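Single-letter residue listing:
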Amino acid sequence: MSEQDRMELQMAIGGSINHHSARGKNFAVRRWLDLTVLACAVVAGLGLTPARAEYPDKIVKIVVPFAAGGGTDIMARTTAQEIQADLGKSVIIENKPGAGTIIGTQTVATSEPDGYSLLMATFAHAVNPSLYNKLPFDPHKDFAAVSLIARSFNIVVVNPASKINSISDLITEAKANPGKLNFGTFGTGTSAHLAGELFNAMAKVKMTAVPYKGAAPAISDLLGGQIDVMFTTVASAASLVAAGQLRALAVTSAERSAAFPQLPTVAEAGVPGYAAESWYGLYAPAKTPAPVIARLNQAIAKAVQSGAFKKLEANEGLIMVGSAPEELDRYVAQEEDRWRKLIKDANIEVQ
């Protein structure tokens, strides 16, 4: 509405009030309607829309599909701490464990696509489609990638009293006693399980997987001599290795780790081509607006450069990434393809 139109409207209304004239009132109403139509037409012509509050304008929630205290929970809380400073709003954690991450993942899949409910996804996001006959969500269609935050790996450990001192020893012992050596896992389809099954396939040995309800009880049995070896996470074993309570044989990454430079990779220690990674990635529900995804991605890229993440990188052997959304999509698609064949060949299925 122009200044002249505004003045005319004020004069018309004022005139109608001052003169108490029915004619003046009718003119004022007609003039007001004309100017309102004109203003609407101008707004429509310019393609303007009602102003929206800048994202975020309320608390952001990151759903962790695991219990509190584990590696994924630590990663999520570090992420929340770092990005909330950049976003200017509180970022909280909601732990929703159960059903191999399905419960927490479904919670985000069915949330409003507004950027206020996010998922801290892991290895399970890429392998669950191959482990389960049916999922209550589509891991591709129901989510929008935000960023691949970090990559990780597992570490092969044995009891210090074991006569196995290297990957070569492990292969020799496993071949001499098919099916008798056992390796502990955090459950069917977990990174500790599939890393061991990949070792079976590539080293052409047969070790037996023993599932536990988490890393702690599995490591307890390894310390007690009830199981022979574990392909466990760095977070669960690093302090025990440093204290001499576990013996580390190798890392499962494709390259040596700066956190454990003395350890060979499984590939260079006797199984060429072997590599098994874990990872952490942030997702939003599908159809979350692109500007919201971009804002979150920007915050993650900044966060992974922080001192808190540098500390995680040093202590747990993480490789910080902070990728673009499309890179997370590509990475997870590759992971899904490579593990699908192993899961099928080994007849692994979660009922």
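Residues numbered from 1 in each chain as written. Predicted model: local features only at pLDDT ≥ 70, side-chain atom pairs only at ≥ 80, totals over all residues. Heavy atoms only, no water.

Caption draft 1: View of the packing of helix H3 (residues 71-87) against helix H10 (residues 290-303). The interhelical angle for the contact between H3 and H10, taken along N-to-C directions, is 120 degrees, at an axis separation of 9 Å. The way H3 lies across H10 gives a crossing that is right-handed. Of the residues in H10, those touching H3 at Thr79, Glu82, Ile83, Asp86 and Leu87 are Arg295, Leu296, Ala299, Ile300, Lys302 and Ala303. In terms of residue class, the contact of H3 with H10 is built from 6 nonpolar, 1 polar and 4 charged. (Axes fitted to C-alpha atoms, helices over the stretch in contact; angles between N-to-C directions. Helix = DSSP H or I, 4+ residues; strand = E, 2+ residues; numbered from the N terminus. Left-handed = near helix turned anticlockwise from the far one by under 90°. Contact = heavy atoms within 4.5 Å. Nonpolar A, V, L, I, M, F, W, Y, C, P; charged D, E, K, R; others polar.)

Caption draft 2: Structural context of the layout of surface pockets. Roughly 1,000 Å³ of volume is contained in the largest pocket. If you trace the largest pocket, you find 44 residues lining it, with Phe66, Thr72, Phe186, Thr190 and Ala215 closest to the centre. Elements with a contribution of two residues or more to the lining of the largest pocket: H3, helix H5 (123-131), strand E4 (143-158), helix H8 (215-224), helix H9 (234-242) and strand E9 (277-285). Here the lining of the largest pocket gets 5 residues from one element, more than from any other, and that element is H5. (1 Å grid on protein atoms, 1.4 Å probe; cavity = no way out; pocket = protein on both sides within 12 Å on 5 of 7 lines; lining within 4 Å. Points joined across faces, edges and corners; volume = space filled by probe spheres on them.)

Caption draft 3: Quick peek at the nonpolar core. Within the largest apolar cluster, 50 residues are counted, with the highest numbers of intra-cluster contacts made by Ile167, Phe199, Met207, Tyr274, Trp279 and Trp339. For this core, the element with the most residues is helix H12 (residues 325-345), which contributes 6 residues. Discounting chain neighbours no more than four positions away, the residues touching Tyr274 are Ala195, Leu198, Phe199, Met202, Phe231, Thr252, Ser253, Val266 and Ala267. Core analysis: the second largest hydrophobic core is formed by 32 residues, Ile300, Ala303, Leu312 and Leu318 among them. (Core = buried A, V, L, I, M, F, W, Y, C linked by side-chain atoms within 4.5 Å. Buried < 20%, exposed > 50% of the residue type's maximum accessible area, 1.4 Å probe, protein only.)

Caption draft 4: Quick peek at the pattern of salt bridges. Across all of its chains, the model carries 13 salt bridges by this definition. Residue Arg340 is joined to Glu336 by a salt bridge in which the shortest nitrogen-to-oxygen separation is 3.3 Å. In this pair, Arg340 and Glu336 are both assigned in helix H12, 4 residues apart and thus about one turn of the helix distant. Overall, Arg340 belongs to the partly exposed group, its relative accessible area being 36%. Classification of Glu336 by relative accessible area gives buried; the value is 8%. One salt-bridge network, in which partners are shared between bridges, spans Lys61, Glu94 and Lys96. (Salt bridge = Lys/Arg side-chain N within 4 Å of Asp/Glu carboxyl O.)

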